[in-house]
Amino acid sequence: MDLSELVSLLTSKGVDYLMSQLPSLIVGKQVSREDAQLILAYVMREDIKALRDEMRIMREDMRTIRDDIKVMRDDIRVLKDDMRSLSDEVRALRGDVKALIEESKIMNSKLDDLRKDITDRIDNLRKDVLDRLDLLNNQLRVLNANIASTYELTSKIMAKLMGLGITK
């Protein structure tokens, strides 16, 4: 088998087929050593060419990956800064909440004191009103008793005057 037949076998059947057949062809002395070396060199050249293409693609992918990593680093820095500012805001809010809680406790205490004060004032006012009403009630009883006795005396006087004939 000469070199042209090997090349046509290579192009028609493919590299894998030729590589699987080449050892038996060499052992059977159907292919010369120089032709086999040329075919192997050609196959290696094609493999190296394919590897170069893959390496070029890998380099491009690596560049893309590096660019993506740079963008991610920038994003991470921004996120880190955002987290710090959020942390600061949370700390500030925590302080505000604590202050509001303290103010709420103070206001609750003041409201409790005010409620007690108002309740005491209402109770005192109620007692004062009841005392005054009792006083008025007692004075009205006395007045009513005085009116009754005045009426009784007036009736007696009128009866005596009538009895004496002084009234018309």
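Along each chain, numbering runs from 1 in the same order as the chain's sequence is written. In keeping with the model being predicted, local features are shown solely for residues with a pLDDT of at least 70 and side-chain atom pairs are shown and tallied solely at 80 or more, while totals for entire chains, interfaces and linings include all residues. Hydrogens and waters are ignored; side-chain quantities use all the structure's heavy atoms.

Undergrad: Hey, could you go over the confidence of the model for the protein for me, with residue numbers and the actual values?
TA: A residue's pLDDT is the confidence the predictor assigns to it, expressed on a 0 to 100 scale. In this model, the protein carries an average pLDDT of 88, and 98% of its residues clear a pLDDT of 70 or more. Here a helix means four or more residues in a row that DSSP labels H or I, a strand means two or more in a row labelled E, and each is numbered from the N terminus. Least confident of the elements in the protein is helix H1 (residues 3–13), whose mean pLDDT is 74; most confident is helix H3 (residues 33–164), at 92.

Undergrad: Explain the nonpolar core residue by residue, including any values.
TA: Put simply, buried Ala, Val, Leu, Ile, Met, Phe, Trp, Tyr and Cys residues joined by side-chain atoms within 4.5 Å make one nonpolar core. For every residue, the accessible area (1.4 Å probe, protein chains only) is compared with the maximum for its type, and the residue is labelled buried under 20%, exposed over 50%, or partly exposed between those bounds. Residues Leu 6, Leu 9, Leu 10, Leu 18, Leu 22, Leu 25, Val 31, Ala 36, Ile 39 and Val 43 constitute the largest nonpolar core, which totals 10 residues. Mapped onto this core, the elements with two or more residues apiece are H1, helix H2 (15–27) and H3. Residue contacts follow a heavy-atom distance rule, with two residues in contact if any of their heavy atoms lie within 4.5 Å. Look past the residues within four positions of Val 43 in its chain and what remains in contact with it is Val 15 and Met 19.

Undergrad: Please provide a residue-by-residue account of a positive patch on the surface, values included.
TA: Patch definition: residues with relative accessible area over 30% and no salt bridge; like charges joined within 9 Å; nonpolar side chains (Val, Leu, Ile, Met, Phe, Trp, Tyr) joined within 5 Å. Note on areas: these come from Shrake-Rupley sampling with a 1.4 Å probe, and a residue is covered only by the protein chains present in the view. Salt-bridge detection follows one rule: a side-chain nitrogen of Lys or Arg within 4 Å of a carboxyl oxygen of Asp or Glu. Charge counting treats Lys and Arg as positive and Asp and Glu as negative, with His and both chain ends excluded. By convention, the point assigned to a charge is CZ for Arg, NZ for Lys, CD for Glu and CG for Asp. Together, Arg 59, Arg 63, Arg 66, Lys 70 and Arg 73 line one region of the surface with positive charge. In this fold, Arg 63 is placed in helix H3. Since its relative accessible area comes to 49%, Arg 63 is described here as partly exposed.

Undergrad: So what about a nonpolar patch on the surface? Which residues, and what values?
TA: Judged by side-chain polarity, Leu 125, Val 129, Leu 130, Leu 133 and Leu 136 come together as a nonpolar surface patch covering roughly 440 Å² of accessible area. Position of Leu 136 among the secondary structure elements: in helix H3. Judged by its relative accessible area of 47%, Leu 136 falls in the partly exposed class.

Undergrad: Account for the environment of Ala 41, naming residues and giving values.
TA: Looking at where Ala 41 falls in the secondary structure, it is placed in helix H3. Taking the C-alpha atoms as reference, Ala 41 lies 19 Å from Glu 54; in sequence the two are 13 residues apart.

Undergrad: So what about the pattern of salt bridges? Which residues, and what values?
TA: Summed over the entire model, instances satisfying the criterion amount to 11 salt bridges. A salt bridge links Arg 115 to Asp 112; the nearest nitrogen and oxygen atoms lie 2.9 Å apart. Taken together, the residues Arg 115 and Asp 112, both in helix H3 and 3 residues apart, mark about one turn of the helix. The partly exposed category is assigned to Asp 112, whose relative accessible area is 34%. In this structure, Glu 152 engages Lys 156 in a salt bridge whose closest nitrogen and oxygen atoms are separated by 3.7 Å. Taken together, the residues span about one helical turn, with Glu 152 and Lys 156 both in helix H3 at a distance of 4 residues. Assessed through its relative accessible area of 46%, Glu 152 is described here as partly exposed.

Undergrad: Describe H3, naming the residues involved and giving the relevant values.
TA: Since there are 3.6 residues in each turn of an α-helix, residues three or four apart along the chain are aligned in direction. What a helix is expected to span follows from its residue count: subtract one and scale by 1.5 Å. Between its first and last C-alpha atoms H3 spans 182 Å; for 132 residues at 1.5 Å apiece the expected length is 196 Å, and the two agree. Within the span of H3, buried status applies to Asp 35, Ala 36, Ile 39 and Val 43. Looking at the buried positions of H3, the neighbouring elements they touch are H1 and H2. Where H3 ends, the next residue or the one after it, Gly 165, has phi of about 85 degrees, a positive value.

Undergrad: I'd like a description of the packing of H2 against H3, backed by residues and values.
TA: Every axis corresponds to a line fitted to the C-alpha atoms, with the helix fit spanning only the stretch in contact, and the corresponding angles, defined between N-to-C directions, vary from 0 to 180 degrees. Between H2 and H3, the shortest axis-to-axis distance is 11 Å and the interhelical angle comes to 155 degrees. Of the possible angle classes, the one that applies to H2 and H3 is roughly antiparallel. Considering how the two elements wind past one another, H2 and H3 form a crossing that is left-handed. Together, Val 15, Leu 18, Met 19, Leu 22 and Ile 26 of H2 and Ala 36, Ile 39, Leu 40 and Val 43 of H3 make up the contact between the two elements. Angular relationships are summarised with four words: roughly parallel below 35 degrees, roughly antiparallel beyond 145, roughly perpendicular across 65 to 115, and oblique for the angles in between. Helix crossings get a hand from a simple test, with the near helix turned counterclockwise from the far one by less than a right angle marking a left-handed crossing and a clockwise turn marking a right-handed one.

Undergrad: Residues and numbers for the packing of H1 against H3, please.
TA: Their axes nearest at 10 Å, the elements H1 and H3 cross at an angle of 30 degrees. Pair H1 / H3 crosses with right-handed handedness. Across the interface between the two elements, Leu 3, Leu 6, Val 7 and Leu 10 from H1 touch Asp 35, Leu 38, Ile 39 and Tyr 42 from H3. Each residue is assigned to one of three groups, with Ala, Val, Leu, Ile, Met, Phe, Trp, Tyr, Cys and Pro labelled nonpolar, Asp, Glu, Lys and Arg labelled charged, and all others, Gly among them, labelled polar. Here the residues of the contact of H1 with H3 sort into 7 nonpolar, no polar and 1 charged.

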